[in-house]
Amino acid sequence: MLESTVAAIRPLDEAAMAAARELQGRLTKPAGSLGALEPLSVRLAGLAGTCPPPLPEPAAVAIFAGDHGVHAQGVTPWPQEVTAQMIANFVAGGAVVNAFARQAGASVTVVDIGVATPLPVEPTADPAGPRLVAANVRPGTRDLTVTAALTRDEARAAVETGIRIAGELVDAGAGILLTGDMGIGNTTPAAALIAAFTGVDPAAATGRGTGVDDETYARKVGVVRAALDRHAPDPADPLGVLAAVGGLEHAALAGLVLGAAARRVPVLLDGVIAVSAALVAAAFAPDAVGAMVAGHRSAEPGATAALRHLGLDPLIDLGLRLGEGTGALLALPVVTGAVRVLHEVATFDSAGVAEK
């Protein structure tokens, strides 16, 4: 499945992008006056292969949840049980992501890809509320400071789960996918992935996550550095990098991005976990970047390094660092607006408006 998905990913359609640029030049507004929305609309036309591209709706958020063996190194003060507890909160509709999803009219799918503790809720396919999918590859990763976090087979299984979820959501009618994540300690493997793929120093890739103190932050940077030194991950082998220092939710999110790109559907990236996974997806298939839209700039410093490497500019910058898919949901109306302009704004000729 992974190989066939990667093979299906193609470059953006140049003819559709040229048509979108030409249309932007004829709309009743000064050229360039919509700033970043204009090249975004052009890129989405290239992804869809038509101008104007389909409106990115309905939206579907996919939250992948997993735990991490590196939690044992004291990289976060939060207990690991919170991952499972937050899944119950997602399913009950009580998290921030649920509030934002209701505002945006987006569906929420929660996937247990690697939670270590028993879930307090059962899998559900309730179409009226958040859906919980059981797809646990293993109960949390291994401690990446001691051994590889995953085997290659486990990493592949998580990536292919993400691809499968992307396909299911698109087949159900989703016009845009949004990334979500949950996993206590998951900013540590995210920092390791970012450092591995971008080459930045671990200190520049590592942030304070849930808001750790100076001592914990220093320990966290040391853990990331030690893991990279131990495994020496090769960015030319993305599956190997995932296995060495990644997380199950990172792997599944990489698969979601690849699955969306193969289906020519945009994927709106959330924060640092999502962009670390996007680096993995881009290493598998560089043309997958064409399907990526950076929802926001996370307060985590590694997110900026990752976005720079991917060549993506975030749509909003509000100092967010929650995860869950919250920043992507807040950026969703911006993406929809960029496309709606191409559908609904009159041209100078049709409106009888004189050009300069």
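Up top you'll find the structure we're talking about.
Everything numeric here is computed off the predicted structure, so don't read it as measured data.

Enquirer: What should I look at first to understand the overall build of the protein chain in this one?
Expert: Across its full length, the protein chain carries 15 helices and 6 strands. Oriented by its inertia axes, the alpha-carbon framework of the protein chain measures out at about 70 × 45 × 40 Å. Buried positions account for 57% of the 356 residues belonging to the protein chain. If you take every contact in the protein chain between residues at least 6 apart in sequence, the share linking residues at least 24 apart comes to 77%. Surface accessibility of the protein chain: about 13300 Å² in total, with carbon and sulfur atoms responsible for 55%. The centroid of the 24 positive side-chain charges in the protein chain is displaced by 3 Å from the centroid of its 35 negative side-chain charges.

Enquirer: I keep staring at the side chain of D270 and nothing clicks. Help me out?
Expert: Mapped onto the elements of the fold, D270 is located in the loop between strand 5 (267–269) and helix 12 (272–284). Although D270 is buried, it makes no salt bridge; R321 carries the closest opposite charge, 12 Å away. Within polar-contact distance, the side chain of D270 engages the side chain of H296 at 3.5 Å.

Enquirer: Just checking my understanding: could you explain the nonpolar core for this structure?
Expert: Burial of nonpolar side chains together is a common tendency in soluble globular proteins. Core analysis: the biggest nonpolar cluster contains 80 residues, and F64, L177, L256, L258 and M292 have the highest contact counts within it. When residues no more than four places from it in sequence are discounted, the contact partners of F64 are V111, I113, G162, I165, G180, D181, M182, E249, A252, L253 and L256. Counting 34 residues, the second-largest nonpolar core is a separate cluster that includes L44, A84, V108 and V115.

Enquirer: Can you help me understand the environment of A346 in this one?
Expert: Tracing the backbone shows A346 in the loop between helix 14 (326–344) and helix 15 (348–351). We classify A346 as partly exposed; its relative accessible area is 31%. Measuring from C-alpha to C-alpha, the distance between A346 and G222 comes to 56 Å, with 124 residues separating the pair along the chain.

Enquirer: Before we go on, may I ask you to explain the pattern of salt bridges in this structure?
Expert: Oppositely charged side chains can form a pair if their charged atoms are brought close together. In total, this model carries 16 salt bridges according to the counting rule given. With its nearest N and O atoms 2.9 Å apart, the salt bridge here joins E38 to K29. For E38, a relative accessible area of 11% puts it in the buried group. For K29, a relative accessible area of 12% puts it in the buried group.

Enquirer: Please explain the packing of helix 7 (residues 187–198) against helix 9 (residues 214–231) as it appears in this structure.
Expert: A packed helix pair is summarised by two numbers, namely the angle formed by the two axes and the spacing between the axes. In contact at an axis separation of 10 Å, helix 7 and helix 9 are set at 50° when each is read in the N-to-C sense. Between helix 7 and helix 9, the crossing angle belongs to the class labelled oblique. Remark: the crossing between helix 7 and helix 9 carries right-handed chirality. Along its contact with helix 7, which presents T187, T188, A191, A192, A195 and A196, the element helix 9 presents K220, V223, V224 and L228. Considering only residue class, the contact of helix 7 with helix 9 consists of 7 nonpolar, 2 polar and 1 charged.

Enquirer: Just checking my understanding: could you explain the packing of aromatic side chains for this structure?
Expert: Each aromatic ring pair is characterised by the separation of its centres together with the angle its planes make. One pass over the structure, following the stated rule, counts 0 aromatic pairs. Positioned above the aromatic ring of Y217, the side-chain terminus of R208 is 4.8 Å from the ring centre.

Enquirer: Is there a simple way to think about the pairing of strand 2 (residues 107–114) in this case?
Expert: Every regular strand shows the same layout, with side chains that alternate between the two sheet faces. With 7 of its 8 residues buried, strand 2 lies for the most part within the structure. Pairing analysis gives 7 bridges linking strand 1 (residues 59–66) to strand 2, with the strands arranged parallel. Its bridge partner lying in strand 2, A60 is registered against S107. Pairing analysis gives 4 bridges linking strand 2 to strand 3 (residues 131–134), with the strands arranged parallel. Directly across from V110, in strand 3, lies its bridge partner L132.

Enquirer: Explain unusual backbone geometry to me, please; I cannot follow it from the model alone.
Expert: What is expected of a backbone is that most residues other than glycine have negative phi and most peptide bonds are trans. For the bond running from C51 to P52, omega is -5°, close enough to zero to count as cis. Here P52 shows up in the loop between helix 3 (37–48) and strand 1. Cis geometry marks the peptide bond from E57 to P58; its omega dihedral reads -5°. Turning to its location among the elements, P58 is positioned in the loop between helix 3 and strand 1. Positive phi values are uncommon outside glycine, yet A232 reaches one of about 45°.

Enquirer: Is there a simple way to think about the packing of helix 7 against helix 13 (residues 301–310) in this case?
Expert: Axis separation between helix 7 and helix 13 bottoms out at 10 Å; the angle between their running directions is 35°. In this structure, helix 7 crosses over helix 13, and the sense of that crossing is left-handed. Only G302, A303, A305, A306 and H309 of helix 13 make contact with helix 7, whose side of the interface consists of I194, F197 and T198. Of the residues assigned to the contact of helix 7 with helix 13, the class counts are 5 nonpolar, 3 polar and no charged.

Enquirer: Help me understand helix 7, please; the structure alone is not making it clear to me.
Expert: Because the α-helix completes a turn every 3.6 residues, residues three or four places apart line up on one side. Given a rise of 1.5 Å per residue, 12 residues ought to cover 16 Å, and the 16 Å separating the end C-alpha atoms of helix 7 matches this to within 8%. A large share of helix 7 lies buried, amounting to 12 of its 12 residues. Buried residues of helix 7: T187, T188, P189, A190, A191, A192, L193, I194, A195, A196, F197 and T198, and no others. Residues of helix 7 that are buried make contact with helix 8 (202–205), helix 9, helix 10 (238–245), helix 11 (248–262), helix 12 and helix 13. Trailing helix 7 by a residue or two, G199 shows a phi angle of about 85°, which is positive.

Conventions adopted
Residues numbered from 1 in each chain as written. Predicted model: local features only at pLDDT ≥ 70, side-chain atom pairs only at ≥ 80, totals over all residues. Heavy atoms only, no water. Helix = DSSP H or I, 4+ residues; strand = E, 2+ residues; numbered from the N terminus. Buried < 20%, exposed > 50% of the residue type's maximum accessible area, 1.4 Å probe, protein only. Contact = heavy atoms within 4.5 Å. Areas by Shrake-Rupley, 256 points an atom, 1.4 Å probe, with all protein chains shown as cover. Lys, Arg positive; Asp, Glu negative; His and termini not counted. Charge placed at Lys NZ, Arg CZ, Asp CG, Glu CD. Salt bridge = Lys/Arg side-chain N within 4 Å of Asp/Glu carboxyl O. Polar contact = N/O pair within 3.5 Å; in protein donor to acceptor, adjacent residues only side chain to side chain. Core = buried A, V, L, I, M, F, W, Y, C linked by side-chain atoms within 4.5 Å. Axes fitted to C-alpha atoms, helices over the stretch in contact; angles between N-to-C directions. Parallel < 35°, antiparallel > 145°, perpendicular 65-115°, else oblique. Left-handed = near helix turned anticlockwise from the far one by under 90°. Nonpolar A, V, L, I, M, F, W, Y, C, P; charged D, E, K, R; others polar. Phe/Tyr/Trp six-rings, centres within 6.5 Å; stacked < 30°, edge-to-face > 60°. Lys NZ or Arg CZ within 6 Å of the ring centre and 35° of its normal. Pairing = 2+ DSSP bridges. Expected span 1.5 Å × (residues − 1).

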